[in-house]
Every structure is written in structure tokens, then in C-alpha cells.
Amino acid sequence: MYQDYASLLGDVPEGSQSFMATGTSNSIASGRISYTFGLEGPAVTVDTACSSSLVTLHLAAHALRKGECTFALALSGVSVMATPTSLVEFSRQGGLAADGRVKAFAAAADGTSFSEGAGMVLLEKLSDARRLGHPVLAVIRGSAVNQDGASSGLTAPNGPSQQRVIRQALANAGLTAADIDVVEAHGTGTRLGDPLEAQALLATYGKDRPKDRPLRLGSVKSNIGHTQAAAGIAGVIKMVMALRHGVMPKTLNVDAPTPQVDWASGAVELLAEARPWPGLDRPRRAAVSSFGISGTNAHVILEQAAEDEPRAAADEPAAPLTGSVPWVVSGRSPDAVREQAARLGRAATALDPADVGTTLAARSAFEHRAVVVGADRDTLLGRLDAVAAGLAGPGIATGTTGGDRVVFVFPGQGTQWAGMAAGLLEASPGVPGVRGGVRAGAGAVSGVGPGGRSGRSGAAQAGRRGAAGAVDDDGVAGRRLAVVGRGARRRGRPLAGGDRGRGGGGRPVAGGRRPDRGAAQPGLADARREGRHGDGGAARRRGTGADRPLGRRAVGGGREWAGSLCGGR
């Protein structure tokens, strides 16, 4: 939230001057995280003062719903006070508690107490989290953000604006005030802000609810102080844990509810003691408020996650991968690579080797690299230790990328033999989509051959039952390569080219294409261009008894296709 640490730098060491601009700018903070981890969705630094973290959460949820990203790292608040400037200023205004304790909504409230902190939550669409088997701690049911506008003062809290943002969040969630059990308030412990907030809560949540179920009210600032930009995310984390444990936590330092509020005007009760949170005929729900000194207000509604939520069925049940797994580390220098290897070795002692390999493969790669390969965690960790020590050995490769070196790859067709996909199936018994994709692809291509001929055996022969004559058919092989290529990508091992790159290793698997349709596409393309035989010769028509070179030919509905074929000698 603050940027005052730049004023402490003074004389910058030689060679570090170029980092002054990027190292002291809030706008770079979010971009630095994306740069480090290779994230390509929206990266935004939000500063609305004390409401920053909830505004960030609101924007992240919106980006997920709009499909702008598949998950969001909502680093929802960071406060570092590098100088005492803000403490001095608030003390002059009489805004700090004399004993350093926040007494939210209490009669003894005499000011706030600032603290530092940072908080982060990972957001994902609920449907994606269930499908992928990720644990769901809570659900963001709704949220809203608004502004005080032309109010009584730039930094003064505004009761009507707070009421509006609460009603907007309830409308966004499709709920009524009676559906919320507890509110984690902004509750800073000031004599001006707390009464205004309590009156806004009484006017919204305190109305039209059962008398035996009043809204419970608390503030985490009584526990850890006012963490400013991180205050909202602190409240979210508190409420998520409360939802999971079924307890409404006590708010500390309350001698009595503040007499500046008419508590009898609505069903709102201050949590001077912890209370059990009994289960109802609906999920438990809580709301969190944050009101920025900038005038920007935010309100988020959280809902208890279902304990035994059904997950979308995968193609096949998950099972451990077999075979070797590569772990890739990289850095700007050999020393950096060794340090990365040491850090990875310490962090991966209890992690699944395949998950680690998949995550590492998706990270940004620098020019100095090392790869260790092993079939089990102990082997991989041992080889990482060797890399960290600068040693060579089996299953270890190190090197440097870049320069103007050129690599030529001549894979040819070369894959049409019986049993070509057997190893993929055996090594991936539980990878969703591999076995099902090959089988579905078999059905798609078995009835479509070059020129539209039916009855040709294609990916159905990807197991050990293939007949050499049919496999040598270029159209069949191309469609088989498409199926095997997609299966390999599902396993995380893309094929390196091939003269049918678009149908094999080169076609992206993203986009939700069905395996049977994906397999049929290269076959239809083969029908258009009549294919090229696996011996690398010129394109010829087949099945007509004439070995004529292919130039132009009509393709369905009078359209013509002309062009060159992939590969060739």
C-alpha cells in the first residue's frame, strides 16, 4: 500500500541504479509475479487503500467468470510500513489507540492500531475445481464495489454508500439479508467509522430476519490490528476458517457495545463471545466488508463449501504414471541453476513426481538449464542433489540454449508399424483421455480412408493387432498419428514434429475438441490431398489403378484444392 521505502534507499550501490524505477513501483509488483511464473492472464496492481484486497478479490472473480483466466492468484493485500510517517500523522489526528489495541464497536473504542501483513488466496471456477479434484475451502457467492462520490469528506466514511454496496452484493449473490449469518466488519475501532458502519448494517442486515437469528458482528482487527491494504483478505481468511470449523469467533477488547449506536433498531449482535455456528437447512454464509480511505467500498459474500460435492467424472480414474519423468530447472547462470536445483530438492520431498514435472515444464525457461530424469522420487531427488553440487551423471543433462545454432530434424513418416501406441497405453493407464481418446479415434478413422474409402483399419490398429498392409497407408498413418499425438500431449510428452505435424505432434490439444472428431480431421484432409505414401515418393492417387501425380482435383461441391503436401524428399 505504501511506497515510502524508496525514500530510504539513499545512495544506490553501483550497478543497481537501473532497478530503482522497477523496484519501487507498485505497478510492477503484479507483473513481476506473472513474469516469474509465466502467467499470461490479467495482471493488475490495485490500490484503493484499506479496501484494496477485497477489490482485488472482486476483480479476480469477475475475470474468472468472463473466461479471462483459468485461475487467479489473488495476492489480495500487502502492507509494508517502511517509515513511521503514517503512524505520526494519524497520531497527530488522534486516530490511534493509546494502548495499541483495536476495540471495534466497543464503548471504549479510542482509535485504530496499524499493522503490516500480506494475504493470498487462489481462486478457480467451482466447476473446474470439482472436475480437477481440487479442495474447495469456500465459495464466493457474490461481491460488489462502489464509491462514496461527493460525500461529506474525501476520507470520511459514508453510511449510505456502505448500505448500497451491501445491497448490490446481496443482489449479485441472489440472496436476501436473512441468508447471511455473520459479517466480518471493517471495524477499525475509531469513534467515527464504527458507529456509521454499525448503522449501515442495522439498516440492511438487521431488517427482515428472524429474531432468534440476529446477524453476528465481529472484526479481525481486534486480533491482529489494522493491516490496511491486507485488512480485507485477513477478514476473508478468518471467515473461511470459521465456516469450516462451525464457530463464530469472538471479537476481542469489547467492554460493552458502543452507546453511539441504537442496537435495538435491528437484529444485529456484537460477538463479545465465541458462538457455535450450527448447521441449517442451507450452507453457512458470511460477508466481509472493507471501506477504503479513498472512498472505495467493497463487500464480499462467502458460502460454506459442500463437504461431499460430486465431481465431474473423468474419462478414466486417475492412476500413477509409470515410466521416467523429467524435471527441468533453468536460470540466468550456472550458479542460478544449481541454486534452483537445491531449492527444488528441498521443496519436492513429499510431492508427486509427475505433478512436479508438469509444473516445471510450464514455467518460464532461461538460457542455462538442467534436466534430471528418473522413474521415482528418490532417484530424481538424488540427481537434483548432483546438479546442485555441480556433478554430472546418468539421467542428468545440462547445457545452454541460445546462439545461432540450428537443429535439423528428419523424422520422416516412420511410425506406421503394428503396436506403435502400445507403449503409450501401457505407460498411461490412468491419464484421463489417453486410452479413451485412442479408442474413440479408432472408431472415427476405421471407416474413412483416403478418397472416402471405407473399411480401412486406422487407429484401431494402434494396439498390437495392426496389419502391416493397412498401416502402410499414408492416410491411415496420418490419422493414427493424430490420435497418438493427442494422447502423448495428454500425458505431457508432445511429439517432436513429423511430416504430418498438423495432425500429429503439432496440433494443439486445447479447445475441447472431441478425440473422435480430432482423429477424423486429418483423414478428411488426406482425402482432399490424396495423401503421400510412406516411402516418401510423390503424391499419387490410390485405389483407382492409376499412379498419376496429383495436381488439382475437385473436393466436395465443386471446390478445388491446390497446394503442396507436408514433408517430401
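For clarity, every value in this text was computed on a predicted model and none was experimentally measured.

## Here we look at the overall build of the protein chain
A tally of helices and strands in the protein chain yields 17 helices and 15 strands. In the protein chain, the proportion of contacts linking residues at least 24 apart, taken out of those at least 6 apart, comes to 71%.

## Side note on helix α9 (residues 231-245)
Note that an α-helix has 3.6 residues per turn; residues three or four places apart therefore point the same way. Compared with an ideal rise of 1.5 Å per residue, which puts 15 residues at 21 Å, α9 spans 21 Å between its outermost C-alpha atoms and is within 8% of the ideal. For α9, the set of buried residues is A231, G232, I233, A234, G235, V236, K238, M239, V240, A242 and L243. Within two residues after α9, G246 carries a phi angle of roughly 70°, on the positive side.

## Some details on the confidence of the model for the protein chain
Summing up the model confidence of the protein chain, the mean pLDDT is 76 and the portion of residues at 70 or higher is 67%. For residues 310-318, every residue scores under 50 in pLDDT, and the model assigns this stretch 16 contacts once sequence neighbours within four places are set aside. Segment residues 492-569: pLDDT under 50, and 141 contacts once partners within four positions in sequence are set aside and those in other chains are kept.

## Quick look at unusual backbone geometry
The residue Q228 is not glycine, and still its phi comes out positive at about 60°. With respect to the secondary-structure elements, Q228 resides in the loop between α8 (221-224) and α9. The phi dihedral of N253 falls on the positive side, at around 65°, and the residue is not glycine. Inspection of the secondary structure assignment puts N253 in the loop between β6 (247-248) and β7 (268-270). N253 sits in the partly exposed class, given a relative accessible area of 28%.

## Details of the sheet that holds strand β11 (residues 325-331)
If you trace the three strands from one edge of the open sheet to the other, you get β11-β12-β13, paired in antiparallel fashion. If you trace the sheet from one side to the other, it starts and ends with β11 and β13 (396-400), each paired once. Direction aside, the axes of adjacent strands within the sheet are offset by 15° on average. Strand direction decides the pairing type here: β11 and strand β12 (residues 368-374), joined by seven bridges, are antiparallel. Bridge assignment links V329 to a residue of β12, and that residue is A370. Relative to the sheet, helix α10 (residues 334-347) contacts β11 and β12, its axis offset from that of β11 by approximately 135°. Along the sheet, helix α12 (residues 377-388) contacts β11, β12 and β13; its crossing angle with β12, the most-contacted strand, is approximately 150°.

## Structural notes on the pairing of strand β5 (residues 215-218)
Because side chains alternate across β5, one face comprises the buried residues L215 and L217, and the other comprises R216 and G218, equally buried. The pairing of strand β4 (residues 182-184) with β5 spans three bridges and is parallel. Considered in β5, the bridge of V182 is made with R216. Bridge count between β5 and β7: three bridges; the pairing is parallel. When the bridges of β7 are listed, L217 appears paired with L270.

## Let's talk about the packing of aromatic side chains
The tally for this structure, following the rule as stated, stands at one aromatic pair. For the pair F90 and F114, a centre-to-centre distance of 4.8 Å together with 90° between the ring planes defines the contact as edge-to-face. Taken as a pair, F90 in helix α4 (residues 85-92) and F114 in the loop between α4 and β2 (117-124) lie far apart in primary sequence, 24 residues in all. For F90, a relative accessible area of 25% puts it in the partly exposed group.

## Things to note about the pattern of salt bridges
In total, this model carries 14 salt bridges according to the counting rule given. Across the pair K103 and D99 runs a salt bridge whose closest N-O atoms are separated by 2.7 Å. Of the residues examined, D99 reaches a relative accessible area of 46% and is grouped as partly exposed. With its nearest N and O atoms 3.3 Å apart, the salt bridge here joins D128 to R131. Placement of the pair is D128 and R131 together in helix α5 (residues 126-132), with a separation of three residues, close to one helical turn. One network of salt bridges, in which partners are shared, links D99, K103 and D110.

## Quick word on the sheet that holds strand β10 (residues 296-304)
Spatial ordering of the open sheet is given by β3-β10-β9-β4-β5-β7, a layout of six strands whose pairing is mixed. Of all strands in the sheet, those with a lone pairing partner are β3 (138-147) and β7, marking the two edges. If you compare each strand with its neighbour and ignore which way they point, the axes differ by 25° on average. In this fold helix α3 (residues 52-65) packs onto β3, β9 (285-291) and β10, with an angle of close to 115° to the strand it touches most, β3.

## Some words on the side chain of T204
Structurally, the position occupied by T204 is in helix α7 (residues 193-204). A residue is classified by how much of its surface remains accessible, and T204, at 7% relative accessible area, is buried. The residues touching T204, leaving out its near neighbours within four places in the chain, are Q163, I166, R167 and A177.

## Overview of a nonpolar patch on the surface
On the surface, a nonpolar cluster with roughly 580 Å² of combined accessible area is contributed by F71, L73, L75, V78, V80, M120 and L122. Sorting the residues of the nonpolar patch by element identifies β1 (71-79) and β2 as the ones contributing at least two each. When residues in the nonpolar patch are grouped by element, the largest group, four residues, is from β1. As for its position among the elements, L73 is in strand β1. By relative accessible area, L73 is classed as partly exposed at 35%.

## Some thoughts on the environment of S219
By the element assignment, S219 lies in the loop between β5 and α8. Residue classification places S219 among the buried residues on the basis of a relative accessible area of 0%. Along the backbone, S219 and A231 are twelve residues apart, and their C-alpha atoms lie at a distance of 9.9 Å. Polar contacts involving the side chain of S219 include one to the main-chain carbonyl oxygen of G187, which spans 3.0 Å.

What counts as what
Residues numbered from 1 in each chain as written. Predicted model: local features only at pLDDT ≥ 70, side-chain atom pairs only at ≥ 80, totals over all residues. Heavy atoms only, no water. Helix = DSSP H or I, 4+ residues; strand = E, 2+ residues; numbered from the N terminus. Contact = heavy atoms within 4.5 Å. Expected span 1.5 Å × (residues − 1). Buried < 20%, exposed > 50% of the residue type's maximum accessible area, 1.4 Å probe, protein only. pLDDT = per-residue confidence, 0-100. Pairing = 2+ DSSP bridges. Axes fitted to C-alpha atoms, helices over the stretch in contact; angles between N-to-C directions. Phe/Tyr/Trp six-rings, centres within 6.5 Å; stacked < 30°, edge-to-face > 60°. Salt bridge = Lys/Arg side-chain N within 4 Å of Asp/Glu carboxyl O. Patch = residues over 30% accessible without salt bridge, like charges linked within 9 Å, V, L, I, M, F, W, Y side chains within 5 Å. Areas by Shrake-Rupley, 256 points an atom, 1.4 Å probe, with all protein chains shown as cover. Polar contact = N/O pair within 3.5 Å; in protein donor to acceptor, adjacent residues only side chain to side chain.

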